[in-house]
Amino acid sequence: MVIQTYNLTKQFNGKGGFGNISLSVREGEVFSFLGKNGAGKSTFVRTLLGILYPTSGNATILGKRIGNVEVRKEIGYLPELFQYHNWLTGYELLFNHGLLYKMNKQDIKYRIEEVLLIVGLKGHENKKLKEYSKGMKQRIGLGCAILSNPKILFLDEPTSALDPVGRKQVRDIISNLKKQGKTIFLNTHLLSEVEMISDRVAILDKGQMKKIGTMTELINSPVIVSVENINENMVSELKKFDPIVNISNNQIEICVDDSNIPKVANTIVRNDGLIYMIKRKENLLEELFINTVGEEDER
Ligand SMILES: Nc1ncnc2c1ncn2[C@@H]1O[C@H](COP(=O)(O)OP(=O)(O)OP(=O)(O)O)[C@@H](O)[C@H]1O
Ligand SMILES: [Mg+2]
């Protein structure tokens, strides 16, 4: 396990923060923490990083207690609402960041060129940060996080300031980092992002972990087929794939794996059904999320 926490708790004078969180993050996975504003996502990450001292419980990263200096070298961190040194250029920020990581100057220069290409800021490195747009700031922050080529990345809402194109680019960067074997811990409220890139997700509400699992463990998303001519034979045959076949008007809802979709279609057609559309039900993560955390305001 790359990250392991045991009843980890951080409160501020008995309030806020998060409580009794035990979880494991495996090597090479994208693990997402999902929660409303104030759920405790950033406090959790800051506690793991050793920036905040836990109230109780404990945790290890790469087998070492949190705060271990050797382990910190293996961690990249993109904080939320990162405050930039506006008088520096993008290049200078990255360079200074490399120095903080005690990288050698030649390595920093070499790595900055790679990082600028990865985060899409090549050509903007000599502009001052005060001239950067919000999206560019978020990218340079991501650049700082990956500069030292760390094994683990904590990204606290890495796409909150980005437009849809920028979001896709960051998702692609995250996917590439995953391909390189990095472990990524992501804080976000963007459900679509979680669906697209996470291996596992935990839902946090008012400091408590309510759900944890892979997307398929958490949501069993049915396939919806629009069919004309639904009949008894058809439905009884479909029940072999899923005993609970839901029918309403000209729609069949059935829970099957992708590999069984052609067989479902075939069964319908053999029984004289006319298929107009087949698709998987969407936005179920949103449904699960709202059902889990409720719709009332943040705490
Ligand atoms: N330094 C602090 N002192 C007192 N309370 C704090 C402190 N930091 C966080 N909190 C409280 O702890 C709770 C969790 O905050 P946190 O910033 O971790 O939430 P979050 O899930 O990251 O929210 P967001 O999505 O808005 O970033 C909130 O109630 C917040 O007010
Ligand atoms: Mg936060």
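## Here we look at the overall build of the chain
Now for step 1: If you tally the helices and strands in the chain, you get 11 helices and 14 strands.
Now for step 2: Each principal axis of the C-alpha distribution contributes one length, and for the chain these read about 70 × 45 × 35 Å.
Now for step 3: Long-range contacts, defined as pairs at least 24 residues apart, comprise 69% of the intrachain contacts of the chain with a sequence gap of at least 6.

## Digging into the sheet that holds strand E9 (residues 200-205)
Now for step 1: Taken together, the 6 strands give an open sheet; going across it, the order is E6-E7-E8-E3-E9-E10, and neighbouring strands pair in mixed fashion. Looking at strand neighbours, the two that pair on one side only are strand E6 (75-78) and strand E10 (208-214), the edges of this open sheet. Neighbour-to-neighbour, the strand axes of this sheet turn through a mean angle of 15°, independent of strand direction.
Now for step 2: Set on the sheet, helix H5 (residues 134-147) makes contact with E6 and strand E7 (152-156); between it and E6 the angle comes to about 170°.

## Considering the nonpolar core
Now for step 1: In this structure, Leu 34, Ala 145, Leu 153, Ile 184, Phe 185 and Leu 204 are the most contacted members of the largest nonpolar core, which totals 55 residues.
Now for step 2: A per-element tally of this core places H5 first, with 7 residues.
Now for step 3: Listed in part, the 11 residues of the second largest apolar core include Val 225, Leu 238, Val 245 and Ile 254.

## Brief notes about the domain arrangement of the chain
Where interface size is quoted, it is often the accessible area lost as the parts come together.
Now for step 1: Taken domain by domain, the chain comprises domain 1 (3-215) and domain 2 (223-281).
Now for step 2: Just the C-alpha atoms count here: the centres of domain 1 and domain 2 sit 43 Å apart.

## What about the environment of Val 225?
Now for step 1: Positionally, Val 225 belongs in strand E11 (residues 223-228).
Now for step 2: Apart from the residues lying within four places of it in its own chain, the contact partners of Val 225 are Ile 252, Val 264, Ile 268, Ile 275 and Ile 278.

## What about the sheet that holds E11?
Now for step 1: Ordered by their spatial adjacency, 4 strands build an open sheet running E12-E13-E11-E14, and the pairing between neighbours is antiparallel. The open sheet is flanked by strand E12 (246-248) and strand E14 (274-280), the only strands paired with a single partner. The average angle at which neighbouring strand axes cross in this sheet is 20°, direction not considered.
Now for step 2: Pairing geometry for E11 and strand E13 (residues 251-254), over 4 bridges, is antiparallel. Bridged to Val 225 within E13 is Ile 252.

## Observations concerning H5
Now for step 1: For H5, built from 14 residues, the straight-helix expectation of 20 Å at 1.5 Å per residue is met to within 8% by its first-to-last C-alpha distance of 20 Å.
Now for step 2: Most of H5 sits out of view: 11 of its 14 residues are buried.
Now for step 3: Among the residues of H5, Met 136, Gln 138, Arg 139, Ile 140, Gly 141, Leu 142, Gly 143, Cys 144, Ala 145, Ile 146 and Leu 147 are the ones counted as buried.
Now for step 4: Looking at the buried positions of H5, the neighbouring elements they touch are E6, helix H3 (90-100), helix H4 (105-119), E7 and helix H6 (164-179).
Now for step 5: Where H5 ends, the next residue or the one after it, Asn 149, has phi of about 55°, a positive value.

Cut-offs applied
Residue indices follow the written sequence of each chain, beginning from 1 at its first position. Following the order in which they are written, the chains are lettered starting with A and the ligands numbered starting with 1. Whole-chain, interface and lining totals are the exception, using all residues; otherwise, since this is a predicted model, local features are given only for residues with pLDDT of at least 70 and side-chain atom pairs are given and counted only at 80 or more. For helices the rule is a DSSP run of H or I covering at least 4 residues; for strands it is a run of E covering at least 2, with both sets numbered from the N terminus onward. Contact between two residues is assigned whenever their backbone-derived C-beta positions fall within 7 Å. If DSSP finds at least two bridges between two strands, the strands pair. Every axis corresponds to a line fitted to the C-alpha atoms, with the helix fit spanning only the stretch in contact, and the corresponding angles, defined between N-to-C directions, vary from 0 to 180 degrees. Only buried residues count toward a nonpolar core: Ala, Val, Leu, Ile, Met, Phe, Trp, Tyr and Cys, linked into one set through C-beta atoms within 7 Å. Three exposure classes are used, based on other C-beta atoms lying within 10 Å of a residue's own C-beta, which is placed from the backbone: buried for 20 or more, exposed for 12 or fewer, and partly exposed in between. Start and end positions for the domains come from either an automated domain assignment or a database one. Take the residue count of a helix, subtract one, and multiply by 1.5 Å to get its expected span.

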